[in-house]
Amino acid sequence: MDRQAMRDDILTLENVSFSYGDAGWRLREVSLAVGTGEMVAVIGPNGSGKSTLLKLAAGVFRPHSGRVSLQGKNLHAFDRRSIARVLGYLPQDVHYTFDYTVEEVVAMGRFPHLSGLGFLGRKDLDVVERCLAATETLPFKGQPLSHLSGGERQRVYLASILAQEPHILLLDEPTAGLDIHHQARFFRLLRGLAREGMAVTVVTHDLNLASLYCSRLLLMSDGAAVREGMPAEIIRPDILSEIYGEPVAVERDPRSGLPIVLPLLNGV
Amino acid sequence: MKGSLTSRRWAMTMTAYALPFLLCAVLLPHVGPSTQRLAGPYATGSAEAEEFIFHSLRLPRVILALVAGGSLAIVGACFQVILRNPLAEPYTLGVTGGAAVGAVLVISVRRLQFGWGPFSTVQLFALAGAGISVLLIYRLARRPQGISMSVLLLAGVTISILCGGLVLFIRYIADPHSLLSMDRWLMGGISPIGLGELLPIVPFVVVGLGILLPQMPALNHLALGEGIAMGHGVDVPRVQRMVFIGGSLLTAGVVSLTGPIGFVGLIVPHAVRRVSGFDHRVVVPASFLAGGAFLALCDTVGRTVLPLLVERISEAQQTPVGVLTALIGAPIFIRILIGRRR
């Protein structure tokens, strides 16, 4: 075991490559390591491979080459339930076909811990209650999903992932389509989880949220990881303008001193 | 509906669904006109004739209705989830279309009559047709990561349309004398003679249910999307494959004996969800119990009440039970829809 593995990295992707079968686009040799207590953002333009990378990290896809390791072992040597006990994955496309109640959805997160028909025991009910409280969704407990706002529903899905009691969270654009209040609330929630020791990786298009709340950023472009570092190292006008093909201005948040991005009014 | 499902609430709900099912099983075989009212050789009123009617006609008929209705409803409940389509039913994936081609084909060639054990000729050909279309659809939808649900749905619908065309074509060129028996098959009906006729579908029902039932906890997760189901620890490709295989086996077995009986597989699962919520650990078994009871009741109405109203139908004749499931089921379901809105 080298130094790399000695660190607290609990999820590592080493030179993973992937393509969707049809020629053309492919994810090329991307590496990423996430450790406990860290909150990493994956950023980059549309189609740069952020979601694909996250699916590889979650084991939804199998890399064509390279390796994904969970706690030092090959991710694909685990079955889905074992993965789910360690790793929580919230995809972008959650659409409920049936109008489950909030409590039912969160209880579904206990699936990897239960066998048979999966009835909840006392301990499971406690976990569900705790996850509802942690995501501030306890007041909606008995309500059907259709009665909730988009932001509330997103927190319910997060609660159901948390009910798996994972050590790693992988979230794919969890705040897309949410207002500024729900965005900030969601990211504060994630930061709180990271401070408690969770390894959090979040794909987002919101560069300012990434800069303000995340300790490390991975910038992707056209299927490759182009840069990785602290917000100040990535959120720079030269780098972003080149990768996004759009000139931007970077200012400093007067309170935190962290970089924030603004588009240019007239494009120049 | 309310909080998360406990084993106690599950058992209570299942009991509530099992009671009418068992009542149907016990009571319905005794329902029917006495032999004195019948014409012909049965008009004796003798204990022997009553015995024959009970054991060889009514009992197998009620058992088949319970099993067929239950199977169709349970397959509908599962298909609606994995295809993420509320209009999915057991016939969506081409099984029945293939079975119909097989059945109609063999009925048109009247010299081709051979049975095999308890299987009738028509049944064997229906099974063969169902098998061919299922394999074809499975091959079309297979992908390296599992089966593609969207291709499965499209391929199923396409094969069904193709089979519908083939059936029409066979009917067009067939000897007009065989048309009546073709229509009888295509309308669907429950009229086994003797318990022995039920034997051939036992393996299909047992294996099909054995494959489907263990998948029910995973179905809730799939109803939120394949991605989050994977995240929760569900082996999504496996569940989809199992539901497709188990559902096809059940449908093929039942349809080979009864022909296509509509409505049950589509509406009963929705009615159950309206009444008992969306947890498929309840919905799946409850659909079986409710679908079975519903079809058995419809069939009983068909062979007792209907002959009183319509002179041309006598008990000896086959009742088009598919007509009744729609005529009785649609108003019930509309009532449930209205009841919920308030």
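Keep in mind that what you see is a predicted model, and the values were worked out from it rather than measured.

Novice: For helix α2 (residues 50–58) of chain A, give the residues involved together with the corresponding values.
Specialist: Of all the nine residues making up α2 of chain A, eight are buried; the element is thus mostly covered by neighbouring parts of the structure. Of the residues making up α2 of chain A, those classed as buried are Lys50, Thr52, Leu53, Leu54, Lys55, Leu56, Ala57 and Ala58 of chain A.

Novice: Residues and numbers for the nonpolar core, please.
Specialist: Formed by 177 residues in total, the largest nonpolar core has its most connected members in Val106 and Val200 of chain A together with Cys78, Ala103, Leu222 and Ala290 of chain B. Once residues lying within four places of it in the same chain are set aside, the contact partners of valine 200 of chain A are Glu38, Met39, Val40, Leu169, Leu190, Leu193 and Ala194 of chain A.

Novice: Before we move on, can you summarise the interface of chain B and chain A with the specific residues and values?
Specialist: Counting from both sides, the interface comprises 27 residues of chain B and, opposite them, 34 residues of chain A. Put simply, the parts of the chain that give the side of chain B that touches chain A at least two residues each are α1 (7–27), α8 (216–222) and α9 (226–231) of chain B. With four residues, α9 of chain B is the single largest residue contributor to the side of chain B that touches chain A. Here the residues of the side of chain B that touches chain A sort into 10 nonpolar, 11 polar and six charged.

Novice: Could you give an account of the sheet that holds strand β3 (residues 39–43) of chain A, with specific residues and numbers?
Specialist: All names here are of chain A. A sheet is described by the order of its strands in space; here six strands give the open sequence β6-β7-β8-β3-β9-β10, paired in mixed fashion. Of all strands in the sheet, those with a lone pairing partner are β6 (87–90) and β10 (224–229), marking the two edges. Each strand of the sheet is rotated relative to its neighbour by a mean of 15°, with strand direction disregarded. By the bridge criterion, four bridges tie β3 to strand β8 (residues 199–203) in an arrangement that is parallel. Across the sheet, valine 42 pairs through a bridge with valine 203, a residue of β8. The strands touched by α2 are β3, β6, β7 (168–172), β8 and β9 (216–221); relative to β7, the strand with the most contacts, the crossing angle is about 150°. The sheet contacts of helix α7 (residues 180–195) involve β3, β7 and β8, and relative to β8 the element is tilted by about 150°.

Novice: Please provide a residue-by-residue account of the confidence of the model for chain A, values included.
Specialist: Across chain A, pLDDT averages 92, with 97% of residues at or above 70. Low confidence marks residues 1–6 of chain A, where pLDDT is under 50. Its contacts with residues over four positions away, or in another chain, come to three contacts.

Novice: How would you summarise the pairing of strand β4 (residues 65–70) of chain A if you had to cite specific residues and measurements?
Specialist: Looking down a regular strand, the side chains alternate between one sheet face and the other. Residue and element names in this part refer to chain A. Pairing of strand β1 (residues 9–19) with β4 involves five bridges; the strand directions are antiparallel. In the sheet register, serine 17 faces β4, and the bridge partner there is serine 65. As paired elements, β4 and strand β5 (residues 73–74) share two bridges and run antiparallel to each other. Within the sheet, the bridge partner assigned to serine 69 lies in β5 and is asparagine 74.

Novice: Give me the lowdown on the pairing of β7 of chain A, citing residues and values where you can.
Specialist: Residue and element names in this part refer to chain A. The element β7 is largely enclosed, with a buried count of five among its five residues. The alternating pattern of β7 places Ile168, Leu170 and Asp172 on one face and Leu169 and Leu171 on the opposite face, and all of these are buried. The sheet contact formed by β6 and β7 spans four bridges and is parallel. Considered in β7, the bridge of tyrosine 89 is made with leucine 170. The pairing of β7 with β8 spans five bridges and is parallel. Each residue of the ladder has a partner; that of isoleucine 168, found in β8, is alanine 199.

Parameters and conventions
Residues numbered from 1 in each chain as written. Chains lettered and ligands numbered in written order. Predicted model: local features only at pLDDT ≥ 70, side-chain atom pairs only at ≥ 80, totals over all residues. Buried ≥ 20, exposed ≤ 12 C-beta atoms within 10 Å, placed from the backbone. Helix = DSSP H or I, 4+ residues; strand = E, 2+ residues; numbered from the N terminus. Core = buried A, V, L, I, M, F, W, Y, C linked by C-beta atoms within 7 Å. Contact = placed C-beta atoms within 7 Å. Nonpolar A, V, L, I, M, F, W, Y, C, P; charged D, E, K, R; others polar. Pairing = 2+ DSSP bridges. Axes fitted to C-alpha atoms, helices over the stretch in contact; angles between N-to-C directions. pLDDT = per-residue confidence, 0-100.

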